[in-house]
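# Coordinates in review
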Amino acid sequence: MTIVVTGGAGFLGHHLVKLLLEKGKRVVVMDSFWTGSQENIAEFASNPNFRHILCDVREPLPDVEDVEQIYHLACPASPDDFERAPIEILETCFMGTKNVLELATVRRARVLLASTSEVYGDPEISVLPESYRGNVNSFGPRSCYDEGKRTLEALAFSYRLKNNVETRIARIFNAYGPYMAIKDGRAVPNFIGAAMDGQPVKIYGDGSATRCFQYATDCVEGLYALMNSDYDNPVNIGSDLEMTVGDIANKVTRVVAEKLGQKAPVAVQYLPKRVDDPTRRKPDITRAGEVLGWSPKVSLDDGIAQTVDWFLEKHGRPKSLM
Ligand code: NAD
């Protein structure tokens, strides 16, 4: 089976491509290296089942005649990018998704679209089932991403209605793990990078906002299960272990300190809360359990330890410890 993965040179893309190749699939990655990298796909280069096409999904996609499934992951996902490139993100969400759905229409391929917990905005309820319609600001610094991804879901529905395209929608909640870019701007790599440099970790807000972090391999197994299921309404893919951002920062800095033999973890520096940043975020993952038989497996302790090890390996331990 030939499978296209847009955004396959990104963080989640790397883990997904690895899983698909391990299952014996032929994989064509379409990626512009905007926020991903050649390095993230380097280990697949010698696999005869792997191919990368350098392209921007905002342009009509190259044809892949025998494609049967398309995972559409291409889109920046860091709040830093929302500020840097909001128009390009909106274009990627709309034009990129449309181009993917056009290819799927022509080749009768099934499409899994990477949506996000951000479609719920800053929620007014504490646990988020897929039926919750969200509390999104359409006119603010996060709107390009939040509304962009809501548009992606609307496009999926419209192509299903008009062109009978088979679509799957994964609402992904915070994922972390190896192959995130250290300068990505998201919480876990930010905390690890600062702690490795011996610098205070920066938290936007007072640290009491909550998140549920899932390990990358769990996440992509959820995507795989959803793609290959018969279920065609949105499904939350995430962990339901809720923690404050402050607690996550403390956990990460403690692990880095232990691994580097530092006497104490680095300090935490609090910065003003980002506009419209959700104060609580916890998925209801009952549906994923019921329709996919999926739930996250990797504990936060194991996941953080493996992630820190990978960052230390990739970016080097401080010379004094070598
Ligand atoms: P990432 O930035 O690491 O990967 C995105 C990849 O898409 C990169 O390789 C980038 O180069 C590529 N890309 C972006 N725009 C492109 C374009 N216009 N044309 C071609 N390639 C393009 O991000 P990620 O964390 O791996 O996220 C993957 C997908 O999952 C995104 O769609 C994101 O919105 C979604 N998602 C991720 C999370 C998470 O916690 N990681 C949470 C919710 C949703």
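Naming follows an unreviewed UniProt entry, where the chain appears as UDP-glucuronate decarboxylase of Bionectria ochroleuca. Here is the UniProt Pathway (unreviewed entry) comment for the chain, exactly as written: "Nucleotide-sugar biosynthesis; UDP-alpha-D-xylose biosynthesis; UDP-alpha-D-xylose from UDP-alpha-D-glucuronate: step 1/1." Regarding the chain, the UniProt comment filed under Sequence similarities (unreviewed entry) reads as follows: "Belongs to the NAD(P)-dependent epimerase/dehydratase family. UDP-glucuronic acid decarboxylase subfamily."

## Concerning the overall build of the chain
Each helix and strand counted, the chain has nine helices and 13 strands in total. Its C-alpha atoms give the chain a radius of gyration of 19 Å, near enough to 20 Å, the size a compact globule of 322 residues would have. Along the first, second and third principal axes, the C-alpha atoms of the chain reach 60 × 50 × 40 Å. Among the 322 residues that make up the chain, the fraction classed as buried is 53%. Counting contacts in the chain only where the partners sit at least 6 residues apart, residues at least 24 apart contribute 81% of the total. With the model as given, the accessible surface of the chain reaches about 14,300 Å², and the carbon-plus-sulfur share is 49%.

## Some points on the site of the ligand
In the vicinity of the ligand there are 29 residues, among which Asp 31, Thr 35, Tyr 145, Ala 175 and Arg 186 approach most closely. One of the side-chain nitrogen or oxygen atoms of Asp 31 is found 2.5 Å away from an oxygen atom of the ligand. Within the side chain of Lys 149, an N or O atom sits 2.8 Å from an oxygen atom of the ligand. For the ligand, whose free accessible area comes to 820 Å², the fraction covered by protein is 97%.

## Considering unusual backbone geometry
The backbone of Phe 33 shows a phi angle near 65°, a positive value even though the residue is not glycine. Residue placement: Phe 33 occurs in the loop between strand E2 (26-31) and strand E3 (50-54). Taking the relative accessible area as the measure of exposure, Phe 33 reaches 22% and is therefore partly exposed.

## Side note on the nonpolar core
In this structure, Val 5, Leu 12, Val 17, Leu 20, Tyr 71, Tyr 176 and Phe 191 are the most contacted members of the largest nonpolar core, which totals 63 residues. Counting 24 residues, the second-largest nonpolar core is a separate cluster that includes Val 4, Val 64, Val 111 and Ala 156.

## Let's talk about the packing of helix H1 (residues 11-22) against helix H6 (residues 216-227)
The angle between the axes and the distance between the axes are what describe a pair of packed helices. Running from N to C, H1 and H6 cross one another at 60°; their axes reach a closest spacing of 9 Å. The chirality of how H1 crosses H6 is right-handed. Across the interface between the two elements, Phe 11, Leu 12, His 15, Leu 16, Leu 19 and Leu 20 from H1 touch Ala 216, Thr 217, Cys 219, Val 220, Glu 221 and Tyr 224 from H6. Looking at the contact of H1 with H6, its residues break down into nine nonpolar, two polar and one charged.

## Some points on the pattern of salt bridges
Two side chains of opposite charge can pair, provided their charged atoms sit close to one another. Overall, the coordinates contain 23 salt bridges when judged by the stated rule. Note that Asp 63 and Arg 107 form a salt bridge whose closest N and O atoms lie 2.6 Å from each other. Taken together, the positions of Asp 63 in the loop between E3 and strand E4 (67-72) and Arg 107 in helix H3 (residues 86-107) put the pair 44 residues apart, joining distant regions of the chain. Judged by its relative accessible area of 45%, Asp 63 is partly exposed. For Arg 107, a relative accessible area of 28% gives the class partly exposed.

Thresholds applied
Residues numbered from 1 in each chain as written. Predicted model: local features only at pLDDT ≥ 70, side-chain atom pairs only at ≥ 80, totals over all residues. Heavy atoms only, no water. UniProt positions renumbered as here; feature names shortened; annotations may be inferred. Helix = DSSP H or I, 4+ residues; strand = E, 2+ residues; numbered from the N terminus. Rg over C-alpha atoms; globule rule 2.2 N^0.38 Å. Buried < 20%, exposed > 50% of the residue type's maximum accessible area, 1.4 Å probe, protein only. Contact = heavy atoms within 4.5 Å. Areas by Shrake-Rupley, 256 points an atom, 1.4 Å probe, with all protein chains shown as cover. Near = heavy atom within 4 Å. Polar contact = N/O pair within 3.5 Å; in protein donor to acceptor, adjacent residues only side chain to side chain. Core = buried A, V, L, I, M, F, W, Y, C linked by side-chain atoms within 4.5 Å. Axes fitted to C-alpha atoms, helices over the stretch in contact; angles between N-to-C directions. Left-handed = near helix turned anticlockwise from the far one by under 90°. Nonpolar A, V, L, I, M, F, W, Y, C, P; charged D, E, K, R; others polar. Salt bridge = Lys/Arg side-chain N within 4 Å of Asp/Glu carboxyl O.

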